[in-house]
Amino acid sequence: MKFNEKMLDLYLVAGTQNVHGDCDLFLKQIEIACQTGISAFQYREKGNGSLAGAARVSMGRKVRDLVKKYQIPFIVDDDFQLAKALEADGIHVGQSDITVEKISANADNMFIGLSISNEKELAESQRLSRVSYLGVGPIFPTRSKNDANPPIGIDRLAKIGQSSALPIVAIGGISTQNAKQVRQTGLAGVAIISAIMQSSNMAQTIKSLKGELL
Ligand code: TZP
Ligand code: MG
């Protein structure tokens, strides 16, 4: 699948650890999200309580099939072997994961997203011709990532956005309360875990987080 900036509009990131390991609930929630209109899904099976080994691959297949049924781009976080095994559309990597060069050499058909959290990483990222988009954050404090960097806030996000040639999806602590403010910086979209996965009315939350409604 060819990368398109519109994929970043409302980008859901999740793994079973985000629903306390309840695999049935996980798939149910992802299906509601797909039906309501997320623009991309990233399978991020990581952190306390996440699946490993065969269980991870098996859940990956299930969630991939579900997401593909709705023709939504399927992206895998970090794990290049898993991304290849699942024939993912894209892979998202952080600063300390497998390098972009290594992925490029081994998977021409996957698009690549890269996380950055400051101006130095931004400058370095602009030299990587195979990167399609940047994930920038955390913007606000987040409880979904143990080793998150300090939040950068809206003003720095806006400046990073102005200096980046690549489209940006913002991540970290984004909710229905602050999504409008984040979008006003002019970026391509917002990436979200908890505001969606922990919502008591996911469909309504997703609708209110979409760009066109803010
Ligand atoms: N990378 C930077 S912040 C973050 C990731 C994966 C977690 C975002 O989760 P939430 O719950 O939307 O703050
Ligand atoms: Mg990573």
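For clarity, every value in this text was computed on a predicted model and none was experimentally measured.

Definitions and limits used
- Residues numbered from 1 in each chain as written.
- Chains lettered and ligands numbered in written order.
- Predicted model: local features only at pLDDT ≥ 70, side-chain atom pairs only at ≥ 80, totals over all residues.
- Helix = DSSP H or I, 4+ residues; strand = E, 2+ residues; numbered from the N terminus.
- Rg over C-alpha atoms; globule rule 2.2 N^0.38 Å.
- Buried ≥ 20, exposed ≤ 12 C-beta atoms within 10 Å, placed from the backbone.
- Contact = placed C-beta atoms within 7 Å.
- Axes fitted to C-alpha atoms, helices over the stretch in contact; angles between N-to-C directions.
- Parallel < 35°, antiparallel > 145°, perpendicular 65-115°, else oblique.
- Left-handed = near helix turned anticlockwise from the far one by under 90°.
- Nonpolar A, V, L, I, M, F, W, Y, C, P; charged D, E, K, R; others polar.
- Near = placed C-beta within 6 Å.
- Pairing = 2+ DSSP bridges.
- UniProt positions renumbered as here; feature names shortened; annotations may be inferred.

1. With respect to the overall build of the chain
Okay, step 1: Scanning the chain from terminus to terminus reveals 9 helices and 8 strands.
Okay, step 2: Its C-alpha atoms give the chain a radius of gyration of 16 Å, within 12% of the compact-globule value 17 Å for 214 residues.
Okay, step 3: Taking the principal axes of its C-alpha atoms as reference, the chain extends roughly 40 × 40 × 30 Å.
Okay, step 4: Within the chain, buried positions represent 40% of all 214 residues.
Okay, step 5: Long-range pairs, those at least 24 residues apart, make up 59% of the contacts in the chain between residues at least 6 apart in sequence.

2. A closer look at the packing of helix 1 (residues 23-36) against helix 2 (residues 53-69)
Okay, step 1: Between helix 1 and helix 2, the least distance of the axes is 10 Å, while the angle of their chain directions is 20°. Judged on the interaxial angle alone, helix 2 and helix 1 are roughly parallel. As for how helix 1 packs across helix 2, the hand of that crossing is right-handed. Across the interface between the two elements, C23, L27, I30, E31 and C34 from helix 1 touch M59, K62, V63, L66 and V67 from helix 2.
Okay, step 2: Grouping the constituent residues of the contact of helix 1 with helix 2 by class yields 8 nonpolar, no polar and 2 charged.

3. Brief notes about the site of ligand 1
Okay, step 1: Ligand 1 sits among 15 residues. The nearest are T142, S144, G172, I193 and S194.
Okay, step 2: Looking at the shell around ligand 1 residue by residue, the classes come out as 8 nonpolar, 6 polar and 1 charged.

4. Concerning the sheet that holds strand 2 (residues 40-43)
Okay, step 1: Within the closed barrel, the 8 strands sit side by side as 1-2-3-4-5-6-7-8. Their pairing is parallel. Neighbouring strand axes in the sheet, compared pairwise and without regard to direction, differ in orientation by 25° on average.
Okay, step 2: Pairing of strand 7 (residues 168-171) with strand 8 (residues 189-192), which is carried by 3 bridges, proceeds in the parallel orientation. Directly across from A170, in strand 8, lies its bridge partner V190.

5. As for the pairing of strand 1 (residues 10-14)
Okay, step 1: Counting buried positions along strand 1 gives 5 out of 5 residues, so the element sits mostly inside the fold.
Okay, step 2: Both faces of strand 1 are covered, namely the face carrying L10, L12 and A14 and the face carrying Y11 and V13.
Okay, step 3: In terms of strand pairing, strand 1 meets strand 8 through 3 bridges, oriented parallel. Residue L12 lies in a different strand from strand 8, and its bridge partner there is I192.
Okay, step 4: Direction of pairing for strand 1 relative to strand 2: parallel, over a ladder of 4 bridges. Its bridge partner lying in strand 2, A14 is registered against Y43.

6. Remarks on the UniProt feature "domain: Thiamine phosphate synthase/TenI" (unreviewed entry) in the chain
Okay, step 1: Mapped onto this numbering, the UniProt entry annotates "domain: Thiamine phosphate synthase/TenI" (unreviewed entry) at residues 10-196.
Okay, step 2: Structurally, residues 10-196 is divided into 37% helix and 20% strand, and its ends, taken at the C-alpha atoms, are 10 Å apart.

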